[in-house]
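Architecture and fold: a report
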Amino acid sequence: MDIIAQLETAKSAPDAPFPLFRKWLSDAESAEVNDPNAMSLATIDSDGTPSIRMVLLKGLDESGFVFYTNRESRKGTALDSNPVAALCFHWKSLRRQVRIEGRVERVSDAESDEYYKTRPLGSRIGAWASDQSRPLESRTHLVDKVSALEAQYQGLEDSIPRPPHWGGYRVIPSSIEFWHDGEFRLHRRVVYTPRTDGAAQGSGWDRKMLYP
Ligand SMILES: Cc1cc2nc3c(=O)[nH]c(=O)nc-3n(C[C@H](O)[C@H](O)[C@H](O)COP(=O)(O)O)c2cc1C
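Residues numbered from 1 in each chain as written. Predicted model: local features only at pLDDT ≥ 70, side-chain atom pairs only at ≥ 80, totals over all residues.

What follows is about the overall build of the chain. Check the secondary structure of the chain and you find five helices and nine strands. Along the chain, from the amino end to the carboxyl end, the secondary structure elements read α-β-β-β-β-α-β-β-α-α-α-β-β-β. Reported as C-alpha extents along the three principal axes, the dimensions of the chain are approximately 60 × 40 × 35 Å. Burial status across the chain gives 25% buried among its 212 residues. Long-range pairs, those at least 24 residues apart, make up 59% of the contacts in the chain with a sequence separation of at least 6. (Helix = DSSP H or I, 4+ residues; strand = E, 2+ residues; numbered from the N terminus. Buried ≥ 20, exposed ≤ 12 C-beta atoms within 10 Å, placed from the backbone. Contact = placed C-beta atoms within 7 Å.)

Despite not being glycine, Asp 35 has its phi angle at roughly 40°, a positive value. Relative to the helices and strands, Asp 35 is located in the loop between helix H1 (17-31) and strand E1 (38-44). A count of 11 C-beta atoms within 10 Å places Asp 35 in the exposed class. For Ser 133, which is not glycine, the phi torsion reads 80° and is therefore positive. Under the C-beta neighbour-count criterion, Ser 133 is labelled partly exposed, with 16 such atoms within 10 Å.

Looking at the chain as a whole, its pLDDT mean stands at 96, while 98% of the residues score no less than 70. At the level of individual helices and strands, the chain shows its lowest average pLDDT in strand E3 (residues 59-61), which scores 96, and its highest in E1, which scores 99. (pLDDT = per-residue confidence, 0-100.)

With that out of the way, let us pick up the site of the ligand. Around the ligand, the structure places 15 residues, and the nearest of them are Arg 53, Thr 69, Ser 73, Arg 74 and Ser 133. Of all the elements in the fold, those that place two or more residues in the shell around the ligand are strand E2 (50-56), strand E4 (64-70) and helix H2 (74-81). Of the residues forming the shell around the ligand, the biggest block, five residues, is contributed by E2. Here the residues of the shell around the ligand are counted per class, giving six nonpolar, five polar and four charged. (Near = placed C-beta within 6 Å. Nonpolar A, V, L, I, M, F, W, Y, C, P; charged D, E, K, R; others polar.)

In this structure, Trp 24 sits in helix H1. By C-beta crowding, Trp 24 is classed as buried, having 22 other C-beta atoms within 10 Å. Spatially, the C-alpha atom of Trp 24 lies 9.0 Å from that of Leu 94, the residues being 70 residues apart in sequence. Setting aside its immediate chain neighbours within four residues, Trp 24 contacts Arg 96 and Val 98.

Across the seven residues of E4, six count as buried, placing the element largely inside the fold. The pairing of E3 with E4 spans three bridges and is antiparallel. When the sheet's bridge partners are listed, Leu 60 is paired in E4 with Phe 65. Between E3 and E4, which pair antiparallel in sequence order, lie two residues. In terms of strand pairing, E4 meets strand E7 (residues 166-180) through six bridges, oriented antiparallel. Residue pairing for E7: Asn 70 is matched across the bridge by Trp 166. (Pairing = 2+ DSSP bridges.)

Here's what the structure looks like:
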């Protein structure tokens, strides 16, 4: 039985959120039919309009949650104006949700390069071909761009450079909430926030339960 599903007080929740998140992600890898690392990503445009879409979690460490995208896309432009985001995982088969909020930083060029190299050829070409979020007059136009790039890089597949407009972002959490379905909507919620008392970041997490 999951620890959060049985929680009586916040004291009995794990001290820190990342090991618990990894456990839930690993449970989702076994339970979900596809994309257990899919998460919704909410951003705020420069005029205050919220927008949301799915992305894939591609990196996770104690500093935050990493995804990759086109930095000139709608979300990239929104993050230039308002470098904050909210993430939400919903694992339907497990009846669990995790919500994360925080500021957003670009990952380093070296880290983006490393990840770009691991992508299949088609995805590396696609990152060059797609002017993500901008109007596309016909599908043929995109297909032709892909063909031209395939011809350009024929024989050089291993050295296709990362497009300068494509890279990662890291959401550095100011809160992480774990939600577990409960009977009669009496769900369990526990929210972690980085401890702000005293010295440095990284000195631990506070946690509390919330009414469902
Ligand atoms: C399950 C799933 C995973 C996705 N993963 C990504 C991703 O990792 N990066 C990305 O740029 N778009 C991803 N997309 C596409 C986005 O949802 C979205 O259509 C695209 O990024 C353009 O969003 P924007 O116009 O708001 O910038 C994914 C879509 C789905 C349904």
